[in-house]
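# Architecture at a glance
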Amino acid sequence: MYHSKITGLGYYVPDNVVTNDDLSKIMETNDEWIQERTGIKRRRHVNTAEDTTTSMGVKAAEVAIQRAGISKDDIDFVIFATLSPDYYFPGPGVLVQRDLGLKTVGALDVRNQCSGFVYAISIADQYIKTGMYKNILVIGSEVHSRGLDFTTRGRGVSVIFGDGAGAAILSREEDTTKGILSTHLHSEGQYAEELALIAPGMGKRWVLDILKDNDPNDESYYPYMNGQFVFKNAVVRFSEVIMEGLQANNLQVSDIDMLIPHQANLRISQFIQQKFQLTDDQVYNNIMEYGNTTAASIPIALTEAWEQGKIKEGDTVVLAAFGSGFTWASAIIKW
Ligand code: UT7
């Protein structure tokens, strides 16, 4: 039995910075409301002529591959987590295989929204543990900005989300005291519609129905979020899934060297930090800069924390996520 270890990390965000003041020019909102409720100061939006979910994922992956010290030909499998794929099908995994010029390795797409990256590394971990694959490229990438309602009607959702990508290489590790110790995945589909984008989908409204109606007041094209309900569930599930991971490895809260929470809302991260009595050095947040980048949020934050020397060999690193589905997940890593 092997372990899997993160051997390379990278991220890419578009150059285009959109501040809260920029948003207040196109809808009724203001910097004070956004910062007070979410902690967000600015986010990135893609230049659509330059970037897609896949192209950002490829750019993040190139950095991660180089840092892992492997060649593209060493990659045995691709896992791509996103809720904003370039095409309805095929998913972006195969586009990465093509655009990076990988061998004809398998490419899997994961649709678990904010928990997508943790689900993706959990899958990668299983393939490596069993010995089937040696090096797996895991990507989380999102283009939110093309799909949001930037009128006052959509302000409760559109101010929160940002575009970006993060990537990790998971590699075989022979020392089973190191690497990913365990992952913990959950879902509760009874709340599927509390944070969702309903159309286009084969369930209720497909593209042809939308074209036929062409109703400008139809809100089902835009993500819907019951913000307060999601918030209340998030703080409970974050705490639960972190404790579940620690207990599975006989660890205490005091063993956490670095917690990387999914960047949904700075107030959620602060609530968890306070609950677990962690110091500012033990929790990494960057939502102020990028907003909520969904599947990309954890790999971007993890890469930044690592680049800044905040994660060292031997550290216990905890990843935790909660989001649409509802789904939630954690990963306990010995760096
Ligand atoms: O990543 C996946 C998981 N997602 C989350 O975990 C998000 C969890 N939820 C949240 O972070 C918060 O609920 C939000 C940040 C989304 C919203 O904050 P809130 O404190 O729950 O605000 P609210 O939706 O209850 O709205 C309060 C007021 C409303 O006005 P009234 O009805 O009190 O007059 C809204 O219309 O704020 C108004 N409002 C805004 N005002 C200015 C809503 N959005 C905005 C806005 N600018 N952008």
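Figured I'd write up the structure that's included with this text.

About the criteria used
Residues numbered from 1 in each chain as written. Predicted model: local features only at pLDDT ≥ 70, side-chain atom pairs only at ≥ 80, totals over all residues. Heavy atoms only, no water. Helix = DSSP H or I, 4+ residues; strand = E, 2+ residues; numbered from the N terminus. Buried < 20%, exposed > 50% of the residue type's maximum accessible area, 1.4 Å probe, protein only. Pairing = 2+ DSSP bridges. Axes fitted to C-alpha atoms, helices over the stretch in contact; angles between N-to-C directions. Contact = heavy atoms within 4.5 Å.

### What to know about unusual backbone geometry
Most peptide bonds take the trans configuration, and most residues that are not glycine carry a negative phi. Following Ala199, the chain continues to Pro200 via a peptide bond in cis, the omega torsion being 5°. With respect to the helices and strands, Pro200 occurs in the loop between β9 (195–196) and α7 (207–213). The step from Gly325 to Phe326 runs through a cis peptide bond, and the omega angle for that step is -20°. Despite not being glycine, Asn214 shows a phi value in the positive range, around 50°. Within the secondary structure, Asn214 sits in the loop between α7 and β10 (224–225). By relative accessible area, Asn214 is classed as exposed at 60%.

### A closer look at the sheet that holds strand β8 (residues 179–187)
Strand order in this open sheet of four strands is β8-β13-β12-β11, and the pairing throughout is mixed. Two strands close off the open sheet at either side, each with one partner strand: β8 and β11 (258–261). Across the sheet, the mean angle separating the axes of adjacent strands is 10° when strand polarity is ignored. As judged from the four bridges shared by β11 and strand β12 (residues 316–323), these two strands associate in the parallel manner.

### Describing the sheet that holds strand β1 (residues 3–12)
With respect to topology, five strands assemble into an open sheet ordered β1-β7-β6-β4-β5, the strand pairing being mixed. Two strands close off the open sheet at either side, each with one partner strand: β1 and β5 (106–110). On average, adjacent strands in this sheet sit at an angle of 20° to one another, irrespective of strand direction. Pairing of strand β4 (residues 77–81) with β5, which is carried by five bridges, proceeds in the parallel orientation. The partner of Phe77 across the bridge, within β5, is Gly106. Here helix α4 (residues 92–99) sits on the sheet in contact with β4, β5 and β6 (135–142), set at roughly 130° to β4. Helix α5 (residues 116–129) contacts β1, β4, β5, β6 and β7 (164–173) of the sheet and is inclined by roughly 170° relative to β6.

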